[in-house]
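# Remarks on the overall topology
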Amino acid sequence: MTQPDKPHINRSHLIKLLQEMIRIRRFEERCAELYTQQKIRGFLHLYIGEEAIAVGCNQALEPEDALLCTYREHGHALARGLSMAAVMAEMYGKQSGCSGGRGGSMHLFDNSKRFYGGNAIVAGGLPLAVGLALADKMQQRNRITACFFGEGAAAEGEFHESLNLAALWKLPVLFICENNLYAMGTALSLSESEQDIYRKAEGYKIPSLAVDGMNVVAVEEAARNACTSIRTAGGPFFLECRTYRFRAHSMFDSQLYRDKAEIETWREKGPIVQLTNWLRDYHQLQDPELAEIEQVVEDEVEAAVVTAENADFEKVATLTRDVYTGGSS
Amino acid sequence: MAADTETISYREAVRLALQEALRSDSRVFLMGEDVGHYGGCYAVSKGLLDEFGEQRVRDTPLSESGFVGAGVGAALGGMRPIVEVMTVNFSLLALDQIVNNAATIRHMSGGQFSVPLVIRMATGAGKQLAAQHSHSLECWYAHVPGLKVLAPATIADARYMLALALEDPDPVVIFEHVMLYNELAPPPVESDRLPMDKATLRRSGNDLTLITYGGSLPKVLQAAEQLSQSGIDAEVLDLRCLRPLDTTAIVASVARTHRVVIIDEGWRTGSLAGEISAIIMEQAFWELDAPVVRVCSKEVPIPYPEHLEQAVLPQPEDIVNAAKQLAGLA
Ligand SMILES: Cc1ncc(C[n+]2csc(CCOP(=O)(O)OP(=O)(O)O)c2C)c(N)n1
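Residues numbered from 1 in each chain as written. Chains lettered and ligands numbered in written order. Predicted model: local features only at pLDDT ≥ 70, side-chain atom pairs only at ≥ 80, totals over all residues. Heavy atoms only, no water.

### What about helix H4 (residues 84-92) of chain A?
All names here are of chain A. Judged by how many residues are buried, H4 sits mostly within the fold: 8 of 9 residues are covered. Of the residues making up H4, those classed as buried are Met84, Ala86, Val87, Met88, Ala89, Glu90, Met91 and Tyr92. In this fold, the buried residues of H4 make contact with helix H1 (11-36), helix H3 (74-80) and helix H12 (287-310). Following H4 by one or two positions, glycine 93 has its phi on the positive side, about 75°. (Buried < 20%, exposed > 50% of the residue type's maximum accessible area, 1.4 Å probe, protein only. Helix = DSSP H or I, 4+ residues; strand = E, 2+ residues; numbered from the N terminus. Contact = heavy atoms within 4.5 Å.)

Next comes the structure, spelled out in structure tokens:
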């Protein structure tokens, strides 16, 4: 009865996936520029190279589902439908930002999208995901909580505690491990005895799968199947997406720990190049159409920058607002 | 400029201290996240992996509770581990090992086991890293019997305190404020080496005492300079060691100046500033000419935008205003 959801691999859907990935890529490239101009400060962690995961997984999620992400969450926010203007304003620390400017790049939130944040404590989001899913289960709501994290999180106790709880209590959590092979400068081989991260889930009796995280169609299909499994069987699912971060960990990283050649090899397999080439090879994408996509995206990014530039900073007078609900400290 | 070559940074001072420790005692090893191949999240340990190899400069997985606990175990087993936790915020994942194991084992075992462990971590705000990377929780650790807590605020202390901590038979937590790493000073010399657990005067004065520690010291010295231009001669007491507190030095300074401002980047409620104030009330009440004043961080999680972050933190102007008011000049 429960046929796994087939991905919509018709042309218009593929073009949509491509456009969403390009949208994230161009947004972040602009953010990197703005960082060097000191418009964006603090830590800035770019998702460049990993876009297929946020975009692919989002295809399988419904508006009532919840998302939790890490500090590398610009792509997830945009894919989830947070407005680019609100995300950019947040990067600037402006009041019109999606977190009112208080959070910045690492702490994007949007209640209306059930987007429960960028969490900058590695593995900090997993227990929250368990709790959100528990609340859904206890209130008989048929929703999924999707939780994104890097492979670095797999070494934390919270990772293991969360997987166990989710499995034990049969909670509807979709765990999505974005395995980009490095946690800051520490290679996976230097940090894990079992480097197939998805196999860790087996120890908790959670169905799991590794997928090519550079292939957006494969990610979408895997995420749809995972969601079907969660919605029908009730318990969690663990998806490991194998990917690579093309840029530095953050803007402070001089990348002493890996070769340029390694980065280049991965760039060739990048999710945007891959899909563009595929569409071209099958004559599904002409240059003018691609140029138009790029133009639309560029206009959106520039408009977001202008909005952010013109937005106001919060006044210091309201600094202590929202320490507690309904008032100041 | 010739002068440039004759200065070293706080960061380099910590690195020299680590290098010296690793060279001089084969029981010493450094472990933590990204201390090796990445070079340290604040570039403190850059180059040490090349010199000492992977056994003694160990990159750990993201497992704060695990590797801090392993540090406790290695210390029990006869090693002299230096464990680096990237920031105090992340140390909360290891709080159990620090508070329930490192700090208790000596006492709990009836004095049979000591834990000669050094834990270093970055602390403090000022880099717009928002509410999960910027807090000052030194006070939490200073609350715990069994621990010693250091806050090197100068390049000389950054250079020499580590060795003192390693000589200590008990667990020592060292806080390095992120805004100090780029501070520069002439290379410290042996005579700059002060005892581990004594406060020191960074400036003498007669009119009032400014008590502080860690990352606030440069701001306090700046404020003292401004105050001197207004005719207020402020003394600056750097606590250096937050547990045990050098009560004698605090009381002695109060007895000289009779007025005190405490500057503390922690939140005011339940702060070290509150503790120091209580000590003064208990031990130097009759020396006071006016109530103790505290300049602390505003009670909010640290916000991202620069103007709000700075509004949270004690600023030189806040210190100057508080001091002027105390001296009856405002
Ligand atoms: C508990 C905790 N420890 C350390 C850090 C510092 N830190 C931030 S990101 C990071 C690497 C995480 O790698 P991974 O989970 O693989 O995610 P990626 O950054 O590769 O997306 C580290 C060590 C942190 N934020 N939280």
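The rest of the description comes next.
### Topic: the sheet that holds strand E9 (residues 200-203) of chain B
Residues and elements named next belong to chain B. Strand order across the open sheet formed by 5 strands is E9-E11-E10-E13-E14, with mixed pairing between neighbours. Where the open sheet ends on each side, the last strands, each with one partner, are E9 and strand E14 (293-297). Across the sheet, the mean angle separating the axes of adjacent strands is 25° when strand polarity is ignored. Alignment of E9 against strand E11 (residues 234-238), held across 3 bridges, turns out to be antiparallel. Looking across to E11, one finds that arginine 203 is bridged to valine 236. Its contacts with the sheet place helix H12 (residues 272-284) against strand E10 (208-212), strand E13 (260-267) and E14, and it is angled at close to 150° to E13. (Pairing = 2+ DSSP bridges. Axes fitted to C-alpha atoms, helices over the stretch in contact; angles between N-to-C directions.)

### A word on the UniProt feature "domain: Transketolase-like pyrimidine-binding" (unreviewed entry) in chain B
The positions UniProt marks with the feature "domain: Transketolase-like pyrimidine-binding" (unreviewed entry) are residues 8-183 of chain B. Between the end C-alpha atoms of residues 8-183 of chain B there is a gap of 8 Å, over a span that is 40% helix and 19% strand. (UniProt positions renumbered as here; feature names shortened; annotations may be inferred.)

### Here's the deal with the side chain of threonine 212 of chain B
All names here are of chain B. Mapped onto the secondary structure, threonine 212 falls in strand E10. Exposure remark for threonine 212: the relative accessible area of 0% places this residue in the buried category. At 2.9 Å, the side chain of threonine 212 forms a polar contact with the backbone oxygen of isoleucine 263. Beyond its immediate chain neighbours, meaning those up to four positions away, threonine 212 contacts Leu217, Val220, Leu237, Asp238, Leu239 and Ile263. (Polar contact = N/O pair within 3.5 Å; in protein donor to acceptor, adjacent residues only side chain to side chain.)

### Here's the deal with the sheet that holds strand E12 (residues 241-243) of chain B
All names here are of chain B. An order of E3-E2-E4-E5-E7-E6-E12 is seen for the 7 strands of this open sheet, with the pairing classed as mixed. In this open sheet, the two strands that pair with only one neighbour each are strand E3 (57-59) and E12. Taking each pair of neighbouring strands and ignoring which way they run, the sheet shows an average axis angle of 20°. Relative to E12, strand E6 (residues 148-150) runs antiparallel, the two being bridged by 2 bridges.

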